[in-house]
Amino acid sequence: MSLLAAKRLEKHYGNHVVLENLNFSVEPGEFVTLVGASGCGKTTFLKMLLGTEAVSKGSLTLDNQPIPNEPGPDRGVVFQKYSVFPHLTVLGNVMMADELHSSKLLGKSFGAAKRRAVEKACARIDEVGLDHALNKYPHELSGGMQQRLAIAQALMMRPRILLLDEPFGALDPGIRQDMHVLINRLWQEQQLTIFMITHDLKEAFELGTRLWVFDKTRHDPQAPEAFGATITYDLPISRDRPSTDLEEALQQGGLKTHTQETLL
Ligand SMILES: Nc1ncnc2c1ncn2[C@@H]1O[C@H](COP(=O)(O)OP(=O)(O)OP(=O)(O)O)[C@@H](O)[C@H]1O
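How each quantity is defined
- Residues numbered from 1 in each chain as written.
- Predicted model: local features only at pLDDT ≥ 70, side-chain atom pairs only at ≥ 80, totals over all residues.
- Heavy atoms only, no water.
- UniProt positions renumbered as here; feature names shortened; annotations may be inferred.
- Helix = DSSP H or I, 4+ residues; strand = E, 2+ residues; numbered from the N terminus.
- Contact = heavy atoms within 4.5 Å.
- Areas by Shrake-Rupley, 256 points an atom, 1.4 Å probe, with all protein chains shown as cover.
- Phe/Tyr/Trp six-rings, centres within 6.5 Å; stacked < 30°, edge-to-face > 60°.
- Buried < 20%, exposed > 50% of the residue type's maximum accessible area, 1.4 Å probe, protein only.
- Salt bridge = Lys/Arg side-chain N within 4 Å of Asp/Glu carboxyl O.
- Core = buried A, V, L, I, M, F, W, Y, C linked by side-chain atoms within 4.5 Å.
- Domains from an automatic or database assignment.
- Pairing = 2+ DSSP bridges.
- Right-handed = clockwise from strand over helix to strand, strands pointing away.
- Near = heavy atom within 4 Å.
- Polar contact = N/O pair within 3.5 Å; in protein donor to acceptor, adjacent residues only side chain to side chain.

An unreviewed UniProt entry annotates the protein as ABC transporter ATP-binding protein originating from Vreelandella boliviensis LC1. In its Sequence similarities (unreviewed entry) section, the UniProt record describing the protein reads: "Belongs to the ABC transporter superfamily."

J.: Which residues make up the overall build of the protein, and what values do they have?
T.: Secondary structure assignment for the protein yields 8 helices and 10 strands. In the protein, once contacts between residues fewer than 6 apart in sequence are set aside, the share between residues at least 24 apart is 71%. Carbon and sulfur atoms form 52% of the exposed surface of the protein, whose accessible area is close to 13000 Å².

J.: With reference to specific residues and values, describe the packing of aromatic side chains.
T.: Here the structure, examined in full by the defined rule, presents 7 aromatic pairs. Centre to centre, the rings of Phe-31 and Trp-187 are 5.5 Å apart; their planes meet at 70 degrees, and the pair counts as edge-to-face. Pair noted here: Phe-31 is in strand β3 (residues 31–36) and Trp-187 is in helix α5 (residues 173–189), with a separation of 156 residues, a long-range link. Each member of the pair Phe-31 and Trp-187 is classed as buried. In textbook terms, an aromatic cluster arises when at least three aromatic residues are bridged by ring pairs, as seen for Phe-24, Phe-45, Phe-195, Trp-212 and Phe-214.

J.: Lay out the pattern of salt bridges in plain terms, naming residues and giving numbers.
T.: Scanning the model with the defined rule gives 12 salt bridges in all. The partner of Glu-127 in a salt bridge is Arg-158, with the nearest N and O atoms 2.6 Å apart. Placement of the pair is Glu-127 in helix α3 (residues 111–127) and Arg-158 in the loop between α4 (143–155) and β7 (161–165), with a sequence separation of 31 residues. According to the relative accessible area criterion, Glu-127 is buried, its value standing at 17%. For the salt bridge of Asp-200 with Arg-176, the shortest nitrogen-to-oxygen distance reads 3.6 Å. Highlighted residues: Asp-200 in the loop between β8 (193–197) and α6 (201–207) and Arg-176 in helix α5, separated in sequence by 24 residues.

J.: Which residues make up the nonpolar core, and what are the values?
T.: Of all hydrophobic cores here, the largest spans 36 residues; its most connected members are Leu-130, Ile-151, Leu-162, Phe-168, Ile-183 and Ile-194. Elements with a contribution of two residues or more to this core: α2 (90–106), α3, α4, β7, α5 and β8. Take this core: its biggest share by element is 7 residues, from α4. Among the domains, domain 1 (4–74 + 159–263) and domain 2 (85–142 + 152–158) are the pair contributing at least three residues each to this core.

J.: Can you lay out the pairing of β8 for me, pointing to particular residues and giving the numbers?
T.: Taken across its 5 residues, β8 has 5 buried, putting it largely inside the fold. As defined by bridge partners, β3 adjoins β8 across 4 bridges and the pair is classed as parallel. What sits directly across from Val-32, in β8, is Phe-195. Direction of pairing for β7 relative to β8: parallel, over a ladder of 5 bridges. The residue of β8 that forms the bridge with Leu-163 is Phe-195. With respect to chirality, the unit in which β7 leads through α5 into the neighbouring parallel β8 is right-handed.

J.: Please provide a residue-by-residue account of the site of the ligand, values included.
T.: By nearness alone, every residue bordering the ligand is listed as Tyr-13, His-16, Val-18, Ala-37, Ser-38, Gly-39, Cys-40, Gly-41, Lys-42, Thr-43, Thr-44 and His-199. Gly-41 has a polar backbone atom sitting 2.9 Å from an oxygen atom of the ligand. Separating an oxygen atom of the ligand from a side-chain N or O atom of His-199 is a distance of 3.4 Å. Its free accessible area being 640 Å², the ligand has 60% of it covered by the protein chains.

J.: Describe in detail helix α1 (residues 42–50), supporting the description with residues and values.
T.: Most of α1 sits inside the fold, with 7 of its 9 residues counted as buried. Among the residues making up α1, those that are buried are Lys-42, Thr-44, Phe-45, Leu-46, Met-48, Leu-49 and Leu-50. Gly-51 occupies a position one or two residues after α1 and carries a positive phi of about 100 degrees.

The following block contains the structure:
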């Protein structure tokens, strides 16, 4: 049974068709990288997986059931813009991720429960290499450290699925490389299924096991919002492929689309 599957999935905002005819199945442990022209609906798609945007038509299932229409502890998310709480320390931020989920059931934790929550948060902070910065505030952290913190928050509830929306887009190349090593390690150690949007094809090929290209196949110049984007290419990625073969691989795959012009 697939972890996630879509059949003729569509997303509209009023008369604006953003996504149409998405059909896929994704197995546990896949690392799907998503590329496509700006505004073609990649973030909207991620939000549908997260449960903050509803399906307009067709089906989107998780474990063969319609995807819940609210975020859950099985799905963590990291956005490009730092999404941490500025008034909380590193420890406070990661603990907040726990409290936001648990408080619905238990209310604020005290005593032994609180100590266990602190230990759990410290373990997550350790995993992303921020153990030396437990008591620092976000404004005292570099961009890369803030994204490490956002990843620790996203992983606090031990999700099965991690959704990454251009998480490294604002970082310098050297720091990006460190983040690639981190995300690759977490993906393997925690047996995550990852969906990552990127504008960097090299990054998509370096990290992913599967590449999806989002693009429109139908255009009406008189009604630009009448048709949405779909997955025009779904390519398995071999991680041993040298990145210098990238352009050649894309051409072999027939990626002579608007997206290729935008990305290459
Ligand atoms: N809540 C909303 N209400 C109405 N339209 C929306 C809403 N959210 C997104 N859209 C529209 O849906 C389209 C797709 O937006 P989305 O952010 O998903 O694109 P994207 O591919 O992620 O873009 P980028 O690569 O620039 O981040 C855009 O035209 C956007 O204006």
